[in-house]
Amino acid sequence: MNSTTPYIGRFAPSPSGSLHFGSLVCAVGSYLDALAHGGHWLVRMEDLDPPREEPGAAIRILKSLEAHGLHWHGPIEWQSKRYPLYEDTLSKLRERKLLYACDCSRSQIRKNGGHDNKFCRLKLKTDEPYALRMQCAGGEEGFLDLWRGEQRQLIREDTILKRRDDLYAYQLAVVADDIEQGISHIVRGSDLLNTTGAQQRLFKILGATPPQFGHLPLVMGPDNQQKLSKQNHASPIQNYCASGNLCKALQFLGFTLPSGVTEEAPEPILKWATAHWRRYQVDMRDRQLH
């Protein structure tokens, strides 16, 4: 990004459950980095996978963000309403003969030690349910993470862009959305670090400049082995404790809070934090909340 490119960041939760503390840390980190650099902060709901969605979770997430003073700029985007964009992106790749049908099951891929793209690419047709893969395997992608420095990732497999169950894949939707929304910076949890190389390659194949990526530390669960997550039944944050939740999130990110800040409402807390946000001060340890 050069000095004339506006900073546009985003927070993109999935409505598979309510906002928990780990998600709040990511939301706060992405929000502060955007506003501290004079940017805009967007919210996009990644409601691509109906079987995994929890009824009412999307609205609860948005209410929690508002209760914590995390006010977004512009309208909320819902991936479930953006299917024409994804289909148009697939059509462009299909015209370039970069897509092919893959009917390999997960068990077959595990048994073979990975996906054999040459076998699927040579198939003339399949009568089985199939995914759409993009030809992109080979070589590596490098990027400079905002916190973790130089990264290099091998691209071992062709990326799935549409799933066997006919749902658009995360990799397709997230990159198409980021291009269309002009996202310049992606600040998110380090659990997504290993997806970055494949996403960056898709940006390039689609003729777009990849955003700058930054991966924040993870809040770990009680066993300190897995990240705090909806899948691991993380407790929802309580909106009536918004100021306390924000202060805990800021301390997790490395802030030392002065006396008096903890007694403020969410908006003044975030205003103070925005003024004092320094990337180099972020505590990069994955750890439990104490």
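This structure is a prediction, so every number in the text was calculated from the model and none was measured. (Residues numbered from 1 in each chain as written. Predicted model: local features only at pLDDT ≥ 70, side-chain atom pairs only at ≥ 80, totals over all residues. Heavy atoms only, no water.)

Draft legend 1. Just the packing of helix α1 (residues 21–36) against helix α9 (residues 266–275), in detail. Contact geometry of α1 with α9 gives a least axis separation of 9 Å together with a crossing angle of 60°. As summarised for this structure, α1 and α9 are arranged oblique, according to the angle between their axes. Judged by the twist between their axes, the crossing of α1 over α9 is right-handed. Packed against α1, whose contacting residues are Tyr31, Leu32, Leu35 and Ala36, the element α9 presents Leu270, Ala273 and Thr274 at the interface. (Axes fitted to C-alpha atoms, helices over the stretch in contact; angles between N-to-C directions. Helix = DSSP H or I, 4+ residues; strand = E, 2+ residues; numbered from the N terminus. Parallel < 35°, antiparallel > 145°, perpendicular 65-115°, else oblique. Left-handed = near helix turned anticlockwise from the far one by under 90°. Contact = heavy atoms within 4.5 Å.)

Draft legend 2. Layout of the sheet that holds strand β8 (residues 159–162). Spatial ordering of the open sheet is given by β4-β5-β8, a layout of 3 strands whose pairing is antiparallel. In this open sheet, the two strands that pair with only one neighbour each are β4 (99–102) and β8. Between one strand axis and the next, the sheet turns by 45° as a mean value, whatever way the strands run. Note: β4 against strand β5 (residues 131–134), 4 bridges, orientation antiparallel. By the bridge assignment, Tyr100 is partnered in β5 with Arg133. Contacts between helix α3 (residues 83–95) and the sheet are confined to β4, β5 and β8, with β8 contributing the most and set at about 125° to the helix. (Pairing = 2+ DSSP bridges.)

Draft legend 3. Focus on α3. Helix length check: α3, at 13 residues, gives a terminal C-alpha distance of 18 Å against a target of 18 Å (1.5 Å per residue), a fit within 8%. Within α3, the full set of buried residues consists of Tyr86, Thr89, Leu90 and Leu93. Projected down its long axis, α3 carries its buried residues within an arc of 100°, all on one side. Relative to its buried face, α3 has exposed residues pointing more than 90 degrees away, namely Pro84 and Glu95. Once α3 ends, the next one or two residues include Lys97, with phi positive near 60°. (Expected span 1.5 Å × (residues − 1). Buried < 20%, exposed > 50% of the residue type's maximum accessible area, 1.4 Å probe, protein only. Arc of directions from axis to C-beta.)

Draft legend 4. Spatial organisation of the packing of aromatic side chains. Inspection of the entire model under this criterion finds 10 aromatic pairs. Ring geometry for Tyr83 and Tyr86: centres 6.4 Å apart, planes at 45°, overall tilted. Of this pair, Tyr83 and Tyr86 are both found in helix α3, 3 residues apart, which corresponds to roughly one turn of the helix. Judged by relative accessible area, Tyr83 falls into the partly exposed class, the value being 30%. An angle of 80° between the planes, with centres 6.4 Å apart, marks the rings of Trp147 and Trp277 as edge-to-face. One end of the pair, Trp147, is in the loop between β6 (140–145) and β7 (149–154); the other, Trp277, is in the segment after α9, with 130 residues separating them in the sequence. For Trp147, a relative accessible area of 15% puts it in the buried group. Every member of this aromatic cluster is reached through a ring pair, and the members are Trp147, Phe255, Trp272 and Trp277. Of note, Arg287 hangs over the ring of Phe252, and the distance from its end group to the ring centre comes to 4.0 Å. (Phe/Tyr/Trp six-rings, centres within 6.5 Å; stacked < 30°, edge-to-face > 60°. Lys NZ or Arg CZ within 6 Å of the ring centre and 35° of its normal.)

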